[in-house]
Amino acid sequence: MNLESFPNEILLYLFEFLDDVHIFQAFYGLNNRFNSLLFSSSRNYHFDFQSISKNTFSSIFSLYICKFPDRITSIRFSNNDELQDLIQHLFCRSLLIRSFSNLRLLSFDHMSSYETIKEIISECHFIPHLTYLRFNKCYMSLTNGRYQLLIDNIWQIPKLIRCHVDISFHGRIHYLSPTITSSYLKYLTIQSVNIQFSDLLRLIIHTPHLTHLSIEINEYFMNDISLYRLESIVSLKLYARDASFAIEKFLTCMPNLRHLTIELLNTYLGKIRHWLYGRYEYNSDHYTNIRRDRFYIEINGYQWKKIIVNHLPKLNTFQLKMKEYCWNCDMKENHVDTLLQSFSTNFWIRDHRWFVRCKWINDQQWASIYLYTLPHSFDRYTILHPLMLSKSTSPNEIDYWCCDHLQKLQ
């Protein structure tokens, strides 16, 4: 049975699972029947322009985009090396983003022009059905005023529900909050900039329906948060660098949290700064703990249990990854055993079946110890080495070796 033997209804159904760039490259010009199916009035179009040539884009632009802009429901643009200045090329064709009147998803990768991004966001205000806007791996140099204008313009998009902002700003160290209130935004991801707690509070105030939040924080994150409650948040994805001391206070603010994914990186220099700034009590025990020849993990299984039981009563999903350092090679495995023991109580094993694995290398040059919950649910996987050692709290050590979410090997 070949593909042409299928009825049109089946072929149109199969097309729904494919990107229209691939469909165009595979079927356009094959015969009159497939050409008719490609332009069927019952079809909506989904275009991913990440890895195509300018010639292919020009053909698709002439055949689809110019003729049927109101039937395009999702577009992903990329301004990488292969398609330099693709967005400007589109604008030069006198077709505005607002022409895509039924667009639901709009995504941009590797953008570097502030003026282009500003124009795109302004055009999004005129797309009545746009619910998802995504900027991925973009980079630019901005003043505070321009950055504030960019954020406020995003928050003004009328029906926006999901927003992913991964824009690195040269010279910036933290995020600026919106001054405009969004009535629809529920899912928000902010990457490549660190957020301070005061900015996060303003963000929550201007995003009253926010339920899913993904952010990055560092040691400068905390202010006095004891009086605040972030009750709308039910899902949190957090990357924290040298900010373990702030985690318990932060999570105390989220009594309705149901899903928590958290990655903690604690550096030796970070521990020194915390001690100097008075974040550790000034006594000999804490001073001993930050010596290079000792191992000190800031939040172990006992402390995580206390945080969850006391402050997160509705938590259903817990995904954790921590990185610590131990320069004493002879004591490293003993420290791993102590750490795993803290995650081996009935709370972890029997009540929730939340298992963890530790990985390390018994070598003086490799001080890192990694701990993560099973199965591995993070996009980066670290320590690929022939001498790597591993222990887990799983009843069967060979279980949970799949890494379905893996994107980067380190």
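Residues numbered from 1 in each chain as written. Predicted model: local features only at pLDDT ≥ 70, side-chain atom pairs only at ≥ 80, totals over all residues. Heavy atoms only, no water.

Mind showing me how you'd approach the nonpolar core here?
Most often, soluble globular proteins have nonpolar side chains that are buried together. If you look at the biggest cluster of nonpolar residues, it comprises 108 residues, and the most contacted ones within it are Phe49, Leu106, Leu200, Phe250, Leu260, Trp304 and Phe318. Here the element with the most residues in this core is helix 4 (residues 54-65); it accounts for 6 residues. (Core = buried A, V, L, I, M, F, W, Y, C linked by side-chain atoms within 4.5 Å. Buried < 20%, exposed > 50% of the residue type's maximum accessible area, 1.4 Å probe, protein only. Helix = DSSP H or I, 4+ residues; strand = E, 2+ residues; numbered from the N terminus.)

How should I be thinking about helix 1 (residues 8-15) in this particular structure?
The α-helix advances 3.6 residues per turn, and as a result positions three or four apart in sequence lie on the same side. Those residues of helix 1 not exposed but buried are Leu11, Leu12 and Phe15. Take helix 1 and look down its axis: the buried residues cluster within an arc of 100°, on one side only. Those residues of helix 1 that are buried are in contact with helix 2 (20-27) and helix 3 (32-38). (Arc of directions from axis to C-beta. Contact = heavy atoms within 4.5 Å.)

Would you mind going over the pattern of salt bridges with me for this structure?
Where charged atoms from two side chains of opposite charge come close, those side chains can pair. Applying the stated criterion across every chain yields a total of 11 salt bridges. Residue Arg134 is joined to Asp109 by a salt bridge in which the shortest nitrogen-to-oxygen separation is 3.5 Å. You can see Arg134 sitting in strand 4 (residues 132-140) and its partner Asp109 sitting in strand 3 (residues 105-109), a full 25 residues away along the chain. Comparing Arg134 with Asp109, the two get one shared label, buried. Note that Glu333 is salt-bridged to Lys391, the shortest N-O span being 2.9 Å. Taken together, the residues span a long stretch of sequence, with Glu333 in helix 13 (residues 332-342) and Lys391 in strand 14 (residues 388-392) at a distance of 58 residues. Exposure remark for Glu333: the relative accessible area of 31% places this residue in the partly exposed category. Overall, Lys391 belongs to the partly exposed group, its relative accessible area being 25%. Residues joined in a network through salt bridges with shared partners are Arg76, Asp109 and Arg134. (Salt bridge = Lys/Arg side-chain N within 4 Å of Asp/Glu carboxyl O.)

I keep staring at unusual backbone geometry and nothing clicks. Help me out?
With glycine set apart, most residues show a phi of negative sign, and most peptide bonds adopt trans. Look at the link from Leu374 to Pro375: it is a cis peptide, with omega at -5°. Mapped onto the elements of the fold, Pro375 is located in the loop between strand 12 (368-373) and strand 13 (380-381). Of note in the backbone geometry, His110 takes a positive phi value of approximately 60° without being a glycine. Tracing the backbone through its elements, the reader meets His110 in the loop between strand 3 and helix 6 (114-124). Accessibility expressed as a relative area gives 34% for His110, which makes it partly exposed. The backbone of Arg353 shows a phi angle near 55°, a positive value even though the residue is not glycine. Its location among the elements puts Arg353 in the loop between helix 14 (346-351) and strand 11 (356-361).

Hey, could you run me through the environment of Ser122 in this one?
The residue Ser122 is located in helix 6 in this model. Linking Ser122 and Gln156, residues 34 residues apart in sequence, is a C-alpha distance of 9.2 Å.

What am I meant to see in the packing of aromatic side chains here?
In this description, a pair of aromatic rings is defined by centroid distance and the angle of the planes. Overall, the coordinates contain 26 aromatic pairs when judged by the stated rule. When the centroid spacing of 6.2 Å and the interplanar angle of 45° are considered together, the rings of Tyr45 and Phe68 count as tilted. Within this pair, whereas Tyr45 is found in strand 1 (residues 45-49), its partner Phe68 is found in the loop between helix 4 and strand 2 (72-78), the two being separated by 23 residues in sequence. The pair Tyr45 / Phe68 is uniform in exposure class, with both members buried. Aromatic pair Phe197 and Phe250: ring centres 6.1 Å apart, planes at 90°, arrangement edge-to-face. With a gap of 53 residues between them, Phe197 in helix 8 (residues 197-205) and Phe250 in helix 9 (residues 244-252) connect regions that are remote in the sequence. Looking at Arg71, its charged tip hangs above the ring of Phe68, at a distance of 4.4 Å from the centre. The ring of Phe126 carries the charged tip of Arg98 above its face, separated from the ring centre by 4.0 Å. (Phe/Tyr/Trp six-rings, centres within 6.5 Å; stacked < 30°, edge-to-face > 60°. Lys NZ or Arg CZ within 6 Å of the ring centre and 35° of its normal.)

How should the pairing of strand 4 be read in this particular structure?
Residues in a regular strand project their side chains so that they alternate between the two faces of the sheet. Of the strand pairs in this sheet, strand 3 and strand 4 are connected by 5 bridges, and their pairing is parallel. Along strand 4, the bridge assignment pairs Ser107 with Arg134. Assessed by its sense of winding, the connection that carries the chain from strand 3 through helix 6 to strand 4 is right-handed. Note that strand 4 and strand 5 (residues 162-169) share 7 bridges and pair parallel. Each bridged residue has a counterpart across the sheet, and for Cys138 the counterpart in strand 5 is Ile167. A crossover links strand 4 with its parallel partner strand 5, the connecting element being helix 7 (residues 144-155), and its sense is right-handed. (Pairing = 2+ DSSP bridges. Right-handed = clockwise from strand over helix to strand, strands pointing away.)

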